[in-house]
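# What the coordinates show
Spelled out from the first residue to the last, the chains are:
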Amino acid sequence: MRLTVNGSSREYTGDPNQPLLWFLRDELGMTGTKFGCGVSACGACTVHVDGAPVTSCVTTMGTLEGRTVLTIEGLDANGQHAVQRAWTEQNVPQCGYCQSGQIMAAAALLKAKPQPTEQDIDNAMTGIICRCGTYPRIREAIRRAAGLPTTAAER
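The residue numbering used here restarts from 1 in each chain and proceeds along that chain's sequence as written. Local features in this predicted model are restricted to residues of pLDDT 70 or higher, and side-chain atom pairs are both shown and tallied only at a pLDDT of 80 or more, whereas totals for entire chains, interfaces and linings draw on every residue. Computation of side-chain values covers all heavy atoms of the structure but excludes hydrogens and water.

## So, unusual backbone geometry
Residues other than glycine seldom take positive phi values, yet Asn6 does so here, at roughly 50 degrees. Elements are defined by DSSP. Helices are runs of H or I of four residues or more, strands are runs of E of two residues or more, and each kind is numbered from the N terminus. If you trace the backbone, Asn6 turns up in the loop between β1 (2-5) and β2 (8-11). Judged by relative accessible area, which is 24%, Asn6 ranks as partly exposed. The phi torsion at Ser40 lies on the positive side, around 65 degrees, for a residue other than glycine. Inspection of the secondary structure assignment puts Ser40 in the loop between α1 (20-27) and β3 (46-49). Each residue gets one of three labels from its accessible area relative to the maximum for its type: buried under 20%, exposed over 50%, partly exposed in between, using a 1.4 Å probe on protein chains only.

Okay, here's the thing in structure tokens:
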């Protein structure tokens, strides 16, 4: 089976039931995508498949023939994607474990809706759990990346 990962063509000949997460981490060495729960409940493993955010822990390799996968490593190798810059400027990470999933979900949101509403942000980020509770800074960073006004309460 062939798929594209971060712009490079890749071949996979293993078990079609293997989760994408393990192909990325174990076979390609792309460890930016994190394992959190293994059941699509936390969102730490979020990547894009054909531009849409998916949890890679439950996305099987057998569903990816001819598809395009984008990971945190492929978003911008130098960390200069608007969402990555906003994350840094807003000091979002604490432990950082969920951050690649959070960033990938936010990047997909802003690609689909460059000027998201508060409800759009809520809908896109629901299900991506931050154990440190930095949700106000995450929301602020998304607004910043979109060029939306910031809120005094979240500064």
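## Things to note about α1
Burial in α1 covers these residues: Leu20, Leu21, Phe23 and Leu24. By the convention used here, residues are in contact when the closest approach between their heavy atoms is within 4.5 Å. Against β1, β2, β3 and β5 (68-70) lie the buried residues of α1. Of the residues one or two after α1, Gly29 is the one with positive phi, at around 70 degrees.

## Quick look at the pattern of salt bridges
Criterion for a salt bridge: a side-chain nitrogen of Lys or Arg within 4 Å of a carboxyl oxygen of Asp or Glu. Counted under the stated rule, the structure contains eight salt bridges. Sharing partners across several salt bridges, the network here consists of Glu118, Asp122, Arg139, Glu140 and Arg143.

## Notes on the nonpolar core
Ranked by internal contacts, the top residues of the largest apolar core, which has 23 residues, are Val83, Trp87, Met125, Ile138 and Ile142. Of all the elements in the fold, those that place two or more residues in this core are α2 (72-75), α3 (82-89), α4 (99-112), α5 (118-125) and α6 (135-146). At seven residues, α4 tops the list of elements feeding residues into this core. With residues up to four places along the chain from it excluded, the contact list for Trp87 reads Val92, Pro93, Gln99, Gln102, Ile103, Ala106, Ile138, Ala141 and Ile142. What is meant by a nonpolar core is a set of buried Ala, Val, Leu, Ile, Met, Phe, Trp, Tyr and Cys residues, joined one to another through side-chain atoms within 4.5 Å. Membership of the second largest hydrophobic core comes to 12 residues, among which are Leu3, Met30, Met61 and Val69.

## Quick notes on the packing of α5 against α6
Fitting a line to C-alpha atoms yields each axis, with helices limited to the stretch in contact; the angle taken between N-to-C directions then spans 0 to 180 degrees. The geometry of α5 relative to α6 is characterised by a closest axis approach of 11 Å and an angle of 120 degrees between their N-to-C directions. Looking at the two axes, α5 sits oblique to α6. For the element pair α5 and α6, the recorded crossing hand is right-handed. Within the contact between the two elements, α5 uses Glu118, Ile121, Asp122 and Met125 and α6 uses Ile138, Arg139, Ile142 and Arg143. Of the residues belonging to the contact of α5 with α6, the class tally is four nonpolar, no polar and four charged. Angles are sorted into four bins: roughly parallel if under 35 degrees, roughly antiparallel if over 145, roughly perpendicular if 65 to 115, and oblique for all others. Each helix crossing is assigned a hand: it is left-handed if the near helix lies turned anticlockwise from the far helix by less than a right angle, otherwise right-handed if that turn is clockwise. When residues are grouped by polarity, Ala, Val, Leu, Ile, Met, Phe, Trp, Tyr, Cys and Pro land in nonpolar, Asp, Glu, Lys and Arg in charged, and all others, Gly among them, in polar.

## Some words on α3
Think of an α-helix as 3.6 residues a turn; residues three or four steps apart then line up on the same face. Those residues of α3 not exposed but buried are Val83, Gln84, Ala86 and Trp87. What you see down the axis of α3 is that its buried residues fit within an arc of 165 degrees, all on one side. Against α2, α4 and α6 lie the buried residues of α3. For this quantity, the arc is that covered by the directions from the helix axis to the C-beta atoms.

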